[in-house]
Amino acid sequence: MMEKSAKIFVAGHRGLVGSALIRALEAKGYTNILTRTHQELDLTRQAAVEKFFAEEKPEYVFLSAAKVGGILANNTYPADFIYQNLTIATNIIEAAHQSGVTKLLFLGSSCIYPKFADQPMKEEYLLTGTIEPTNEPYALAKIAGIKICQSYNRQYGANFIAVMPTNLYGPNDNFDLSSSHVLPALIRKFHEAKEAGAKEVVAWGTGSPKREFLHVDDLADACLFVMDNYNPTKEENEKGQIFMNLGTGEDISIKELTEMIKEIVGFDGEIVWDTTKPDGAPRKLLDMSKLHALGWKHKIGLEDGIKNVYQWFLENRK
């Protein structure tokens, strides 16, 4: 268990995940939270990261810093996605080892699994098939992060673990239409169409793929739970099972999601599907058996969560 006074470093504290972790830690009474902006500490610079860890000596690390985006962003900036995510993971995990960090939690993504993996996806499906080409650079960096954690555990007896979240949404999400994920992009599209009095909104693909969505406050709650309650066994370290899925275990079609957001925003026009745009993987549902068995389950339903995020968007948009 993390002591309330333990020094905890949240890497990427301004992002969707990191800001939720800060909220969760503060709500639970943690008083010694360590953060750095990108201007204060560039996590892709090894010497700077090692100096920071040597001076600050955090006891616990939540590695949530990452370059993230949807299909368009992944296709447009593949070099940025693989370089930045690989470098951040490598630098922080090595520095955590050197400085004697008690425990580290690496945040990955459900996109690590093969494109046509059996559904729902179990942790042991990792590396059993070809991953989705549209986000391969990002996925490979996240797979490497898992393997780096496993390797340090095996060689040095470290306690580095990982969670693989499903599609996340929540306060501080990215609503930029050129780089955002599907849920925030739809919220913005429908809102702007409503404001403009438009007659239709164009959505990507066929609407048939199914996706699972987790509110980021549920994610943060789960991360604190896992940090306190999960330590891999020697057998899990040998097999590489030092990570667990993090989602709801429930999914919805993109068509149903789009219609739900249309209704929540209050847009009266039509939805037009641009089938020339890619769908991505046909289905991505996580098997939640491992984390459910430990005693954690999500609390925020999708419709309530989207209402919450739409309200945040209205209050915070520029």
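Below: a short report on this structure. (Residues numbered from 1 in each chain as written. Predicted model: local features only at pLDDT ≥ 70, side-chain atom pairs only at ≥ 80, totals over all residues. Heavy atoms only, no water.)

**A short note on the nonpolar core**
Okay, step 1: Formed by 43 residues in total, the largest nonpolar core has its most connected members in Phe53, Ile92, Ile93 and Leu104.
Okay, step 2: Sorting the residues of this core by element identifies β1 (8–11), α2 (46–56), β3 (60–63), α4 (78–99), β4 (103–107), α5 (136–156) and β5 (160–165) as the ones contributing at least two each.
Okay, step 3: The contacts of Ile92, once residues within four sequence positions are left out, are Ala11, Leu43, Val49, Phe53, Val61, Leu63 and Leu104.
Okay, step 4: Among the nonpolar cores identified, the runner-up in size contains 35 residues, and Ile8, Leu21, Phe225 and Met288 belong to it. (Core = buried A, V, L, I, M, F, W, Y, C linked by side-chain atoms within 4.5 Å. Buried < 20%, exposed > 50% of the residue type's maximum accessible area, 1.4 Å probe, protein only. Helix = DSSP H or I, 4+ residues; strand = E, 2+ residues; numbered from the N terminus. Contact = heavy atoms within 4.5 Å.)

**Here's the deal with the side chain of Asn135**
Okay, step 1: Within the secondary structure, Asn135 is located in the loop between β4 and α5.
Okay, step 2: On the accessibility criterion, Asn135 (13% relative accessible area) is buried.
Okay, step 3: Every residue in contact with Asn135, bar those within four places of it in the chain, is listed here: Asn74, Cys111 and Lys284.

**Looking at unusual backbone geometry**
Okay, step 1: Here the bond from Gln119 into Pro120 is cis, since omega is -10°, no more than 30 degrees from zero.
Okay, step 2: Topologically, Pro120 is positioned in the loop between β4 and α5.
Okay, step 3: Although it is not a glycine, Leu127 adopts a positive phi angle of roughly 65°.
Okay, step 4: Note that Leu127 resides in the loop between β4 and α5.
Okay, step 5: For Asn172, which is not a glycine, the phi torsion comes out positive at approximately 70°.
Okay, step 6: Mapped onto the elements, Asn172 comes out in the loop between β6 (167–169) and α6 (182–196).
Okay, step 7: Relative accessible area serves as the criterion here: at 33%, Asn172 is assigned to the partly exposed category.

**Let's talk about the pattern of salt bridges**
Okay, step 1: A complete count under the given rule lists 17 salt bridges for this structure.
Okay, step 2: Put simply, Glu238 and Arg154 hold a salt bridge, and the shortest N to O gap is 3.6 Å. Taken together, the residues Glu238 in helix α8 (residues 234–239) and Arg154 in helix α5 connect sequence positions 84 residues apart.
Okay, step 3: For the salt bridge of Lys307 with Glu303, the shortest nitrogen-to-oxygen distance reads 3.7 Å. (Salt bridge = Lys/Arg side-chain N within 4 Å of Asp/Glu carboxyl O.)

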